[in-house]
Amino acid sequence: MSITDAINQYKEILGSEVKLVAVSKTKPESAIMEAYQAGQRDFGENKIQEMTAKAESLPSDIRWHMIGNVQTNKIKYMASYVHLVHGVDREKVLKELNKQGQINGRVISCLLQVHIAEEDTKFGFDYAECIELLGRLDQYKNVTVAGLMGMATNTNNQEQITKEFVGLKNFFDSHAVAHQWNTLSMGMSGDYELAIAAGSTDVRIGSAIFGARNYTI
Ligand SMILES: *Cc1c(COP(=O)(O)O)cnc(C)c1O
């Protein structure tokens, strides 16, 4: 399937309720432009320098989402333009986003990444750490936490994936009003349907749109 067809197909499946973040990491600018011509504006990258190089040469109305693990010493490169940082997984990232937001005279939107998977290779806060951090957020005036992000276990066990997504959704619901959250980022190419069924607002889909990634490049 072409990139254009894939974008059109996801637009139809997701409707207006769920936002598609097209994950273009490792993909060339020509692939992003094909999706852009099909009307896609939200793109996700997982390396700050790669995203910044793309942002500099691609149309300025693209909304860039940092979905990967954030290296604090590189936040300065994206602070002026990043639309949403999905993967805030430690307070140090929040601190540096706040500092760079201040320098750039803006408030940077982000999501707290919650560890919901069984594997301990996935990053994020646990629920207790999250609650503790929520109590300290007012000191970060140049950051706004718009919601949560989570990645389910990489497994074929649909029940387990659903259990993890629903758990995050329940946690989201119990804090969303108090913190004015509107974004729950869950779901990738392989599990987005389960994520949407559980209440995701943003799905991050890469390989199903752009094809498999070649990490040897
Ligand atoms: C790469 C990546 C995705 C997209 O994965 P696909 O399986 O290609 O859809 C989604 N979320 C995060 C955090 C990623 O790093």
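Given the structure is predicted, the values throughout are model-derived calculations rather than measurements.

K.L.:
I keep staring at the site of the ligand and nothing clicks. Help me out?
P.N.:
Around the ligand, the neighbouring residues are V23, K25, I67, M149, M151, M188, S189, R204, I205, G206, S207 and R213. In the environment of the ligand, a nitrogen atom lies 2.8 Å from a nitrogen or oxygen atom belonging to the side chain of R204. Separating an oxygen atom of the ligand from a backbone N or O atom of S207 is a distance of 2.8 Å. When isolated, the ligand has an accessible area of 390 Å², and the protein chains bury 89% of it. Grouping the constituent residues of the shell around the ligand by class yields six nonpolar, three polar and three charged.

K.L.:
Any chance you could explain helix α5 (residues 91–103) here in plain terms?
P.N.:
Because an α-helix packs 3.6 residues into every turn, residues spaced three or four apart end up facing the same way. With 13 residues, α5 extends 19 Å from end C-alpha to end C-alpha; this agrees with the ideal 18 Å at 1.5 Å per step. All of the buried residues in α5 are V93, L94, E96, L97, N98, Q100 and G101. Taken together, the buried residues of α5 touch α4 (75–78), β4 (84–88), β5 (108–114), α6 (127–134) and β6 (143–150). G105 lies just past α5 and shows a positive phi near 60°.

K.L.:
Help me out: how do you make sense of the packing of helix α1 (residues 3–14) against helix α2 (residues 29–37) in this one?
P.N.:
Axes are the key here: two packed helices are described by the angle between their axes and the distance separating the axes. Closest axis-to-axis distance for the α1/α2 pair is 8 Å, and the angle between their directions is 45°. Between α1 and α2, the angle falls in the class oblique. The two elements α1 and α2 cross, and the hand of that crossing is right-handed. Taking contact as the criterion, the partners of I3, T4 and I7 in α1 are, on α2, A31, E34 and A35. Taken together, the residues that form the contact of α1 with α2 break down as four nonpolar, one polar and one charged.

K.L.:
Explain the nonpolar core to me, please; I cannot follow it from the model alone.
P.N.:
Note that soluble globular proteins tend to have their nonpolar side chains buried in a common cluster. Grouped together as the largest cluster of nonpolar side chains are 63 residues, with contacts concentrated most on M78, V85, L97, L148 and I209. Broken down by element, the residue count for this core peaks at six residues, all from helix α7 (residues 158–179). In contact with L97, not counting residues within four places along its chain, are I75, M78, V85, V88, I108, C110, N142 and V143.

K.L.:
Looking at this structure, how should I read the side chain of S185?
P.N.:
Structurally, the position occupied by S185 is in strand β7 (residues 183–186). The exposure class of S185 is buried, given its relative accessible area of 0%. Among the polar contacts made by the side chain of S185, one reaches the side chain of H86 at a distance of 2.9 Å. Ignoring anything within four residues of it in the chain, the contact list for S185 reads H86, L111, L148, M149, G150, D202 and R204.

K.L.:
Explain the pattern of salt bridges to me, please; I cannot follow it from the model alone.
P.N.:
Close approach of charged atoms allows side chains of opposite charge to pair. Here the structure, examined in full by the defined rule, presents nine salt bridges. In this structure, the salt-bridge partner of R136 is E91, at a minimum N-O distance of 2.6 Å. Here E91 lies in helix α5 and R136 lies in the loop between α6 and β6, a separation of 45 residues in the sequence. Given the relative accessible area of 30%, R136 is considered partly exposed.

K.L.:
Before we go on, may I ask you to explain α7 in this structure?
P.N.:
Across its 22 residues, α7 extends 30 Å between first and last C-alpha, which sits within 8% of the 32 Å expected from 1.5 Å per residue. Here α7 has its buried residues at Q160, I161, E164, F165, L168, F171, F172, H175 and A176. For α7, the secondary structure elements touched by its buried residues are β5, α6, β6, β7 and α8 (192–198). For α7, the N-terminal cap is N157; the gap from its side-chain oxygen to the backbone nitrogen of E159 is 3.1 Å. Once α7 ends, the next one or two residues include Q180, with phi positive near 55°.

What counts and how
Residues numbered from 1 in each chain as written. Predicted model: local features only at pLDDT ≥ 70, side-chain atom pairs only at ≥ 80, totals over all residues. Heavy atoms only, no water. Near = heavy atom within 4 Å. Polar contact = N/O pair within 3.5 Å; in protein donor to acceptor, adjacent residues only side chain to side chain. Areas by Shrake-Rupley, 256 points an atom, 1.4 Å probe, with all protein chains shown as cover. Nonpolar A, V, L, I, M, F, W, Y, C, P; charged D, E, K, R; others polar. Helix = DSSP H or I, 4+ residues; strand = E, 2+ residues; numbered from the N terminus. Expected span 1.5 Å × (residues − 1). Buried < 20%, exposed > 50% of the residue type's maximum accessible area, 1.4 Å probe, protein only. Contact = heavy atoms within 4.5 Å. Axes fitted to C-alpha atoms, helices over the stretch in contact; angles between N-to-C directions. Parallel < 35°, antiparallel > 145°, perpendicular 65-115°, else oblique. Left-handed = near helix turned anticlockwise from the far one by under 90°. Core = buried A, V, L, I, M, F, W, Y, C linked by side-chain atoms within 4.5 Å. Salt bridge = Lys/Arg side-chain N within 4 Å of Asp/Glu carboxyl O.

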